[in-house]
Amino acid sequence: APLSYLALFDAVTDGGAGLRAVVIPQIQRDYAQGRRDPVATRIRQDFLDSVCGGATGLTGPVSLDFVYGSVRDGVLSPLDGQQRLTALFLLHWVAAVRVGELTQESAWADFGYDTRDSARMFTHRIARHGADLEWGGGPGLRQWIEDQPWHLHAWRHDATVQSMLVVLEEIETRLLGLPAADVWRRLARRDSPAVSFRLLQIGREGDAGHELGDLQGDDGTFASDLHRAGEVSGTASVDGFTHTSTV
């Protein structure tokens, strides 16, 4: 069944995936959705328009198709879906900060990168310190982060972090002036989630993958989904970055 980002961290008995963290593995590339070149900019804007439209209610629910990876000890290591999951983490971070829903107990905020130490420190520090942000009337999110004593100079030279900052700015712009509580409520909804995807869990090496939920006999579509997802093929897709939406 389709899952929201928050439902990844719900207990399996409650219809979730039972995760305690998402960690982007070392084999993955940098987070690329925030690149400034014209092609990436167009694709990013289309993608953020879609997911933010679902979160704000300006459009209908959005489906992002499959995310797949291995899950061990409650930690998801995505093999496909890095770009989408990172954007969803950032969207939820902005939405949660606006309404005071980011706390030390927010399991969904345990999102990290093993690709570089500096990228891992960035996601962990904004998760830890985001609750300190007083929303409204101050500097924008990027400026606020760069003004903090825990900001690292190394982040200025980390492509993943710089990409995240661009996406944070654009999410912030899309949510400004819209009811913060309504946005969080839509993202937190488990029934008919505003933004959803299907999680395909890959077992141990040599094991067949299985969807967390009902795969509904989609044999023959897995390879095409991987190709469309782009991190394997390098073609323009959601993770490089085309998306599928139902609006």
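Keep in mind that what you see is a predicted model, and the values were worked out from it rather than measured. (Residues numbered from 1 in each chain as written. Predicted model: local features only at pLDDT ≥ 70, side-chain atom pairs only at ≥ 80, totals over all residues. Heavy atoms only, no water.)

**Student:** Which parts of the structure should I look at to understand the overall build of the protein chain?
**Tutor:** Within the protein chain, the secondary structure is distributed over seven helices and six strands. Each helix and strand of the protein chain, ordered N terminal to C terminal, gives the series β-α-β-β-α-β-α-α-α-α-β-β-α. Scored against the burial criterion, the 247 residues of the protein chain give a buried share of 52%. For the protein chain, the computed accessible surface area is about 11100 Å², with 50% contributed by carbon and sulfur atoms. (Helix = DSSP H or I, 4+ residues; strand = E, 2+ residues; numbered from the N terminus. Buried < 20%, exposed > 50% of the residue type's maximum accessible area, 1.4 Å probe, protein only. Areas by Shrake-Rupley, 256 points an atom, 1.4 Å probe, with all protein chains shown as cover.)

**Student:** Explanation requested: the packing of aromatic side chains in the structure shown.
**Tutor:** In this description, an aromatic ring pair is defined by two values, namely the gap between the centres and the angle between the planes. In total, this model carries seven aromatic pairs according to the counting rule given. Judged by centre distance (4.8 Å) and plane angle (5°), the ring pair of Phe89 and Phe111 falls under stacked. Here Phe89 is found in helix H2 (residues 82-99), whereas its partner Phe111 is found in strand E4 (residues 111-113), with 22 residues between them in sequence. A residue is classified by how much of its surface remains accessible, and Phe111, at 0% relative accessible area, is buried. Summarising the aromatic geometry, the rings of Trp150 and Trp155 are spaced 6.3 Å apart at their centres and angled 65° between planes, so their arrangement reads as edge-to-face. In terms of burial, Trp150 and Trp155 fall into one category: buried. Taken together, the ring pairs connect Phe122, Trp144, Trp150 and Trp155 into an aromatic cluster. (Phe/Tyr/Trp six-rings, centres within 6.5 Å; stacked < 30°, edge-to-face > 60°.)

**Student:** How should I be thinking about the environment of Asp147 in this particular structure?
**Tutor:** Among the secondary structure elements, Asp147 is positioned in helix H4 (residues 141-147). Within the local environment of Asp147, its side chain forms a polar contact with the side chain of Gln143, the two groups lying 2.8 Å apart. (Polar contact = N/O pair within 3.5 Å; in protein donor to acceptor, adjacent residues only side chain to side chain.)

**Student:** Hey, could you run me through the pattern of salt bridges in this one?
**Tutor:** Two side chains with opposite charge may pair up if their charged atoms get near one another. Inspection of every chain in the model, using the stated rule, returns 13 salt bridges. Its salt-bridge partner being Arg190, residue Asp10 comes within 2.8 Å of it at the nearest N-O pair. Note that Asp10 is positioned in the segment before strand E1 (21-24) and Arg190 in the loop between helix H6 (180-188) and strand E5 (195-202), a separation of 180 residues in sequence. On the basis of relative accessible area, Asp10 is assigned to the buried category, the value being 16%. Assessed through its relative accessible area of 38%, Arg190 is described here as partly exposed. Note that Asp114 and Arg120 form a salt bridge whose closest N and O atoms lie 3.2 Å from each other. You can call Arg120 partly exposed: its relative accessible area is 25%. Here the residues in one salt-bridge network are Arg36, Arg142, Glu146 and Glu169, joined through shared partners. (Salt bridge = Lys/Arg side-chain N within 4 Å of Asp/Glu carboxyl O.)

**Student:** What exactly am I supposed to notice about unusual backbone geometry here?
**Tutor:** The phi angle of most residues is negative, glycine excepted, and most peptide bonds adopt the trans form. Backbone geometry at Asp65 places phi at a positive 70°, although glycine is not the residue there. Among the structural elements, Asp65 can be located in strand E2 (residues 62-72). One non-glycine residue, Asp73, adopts positive backbone phi at about 55°. Tracing the chain through its elements places Asp73 in the loop between E2 and strand E3 (75-80).

**Student:** Can you help me understand the pairing of E3 in this one?
**Tutor:** Residues in a regular strand project their side chains so that they alternate between the two faces of the sheet. Pairing of E1 with E3 involves two bridges; the strand directions are parallel. Looking at the pairing, Ala21 lines up with Val75 of E3. Bridge count for E2 against E3 is five bridges, and the pairing is antiparallel. Bridging across to E3, Tyr68 finds its partner in Asp80. The loop that links E2 with its antiparallel partner E3 comprises two residues; one of these, Asp73, has a positive phi angle of about 55°. (Pairing = 2+ DSSP bridges.)

**Student:** Looking at this structure, how should I read the nonpolar core?
**Tutor:** Here is a general trend for soluble globular proteins: nonpolar side chains tend to be buried in one another's company. Core analysis: the largest hydrophobic core is formed by 61 residues, its most contacted members being Tyr5, Leu8 and Trp108. Ranked by residue count, the leading element in this core is H2, at 11 residues. Those residues in contact with Tyr5 that lie beyond four places of it in its chain are Leu85, Leu88, Phe89, His92, Trp108, Phe111, Val195 and Phe197. (Core = buried A, V, L, I, M, F, W, Y, C linked by side-chain atoms within 4.5 Å. Contact = heavy atoms within 4.5 Å.)

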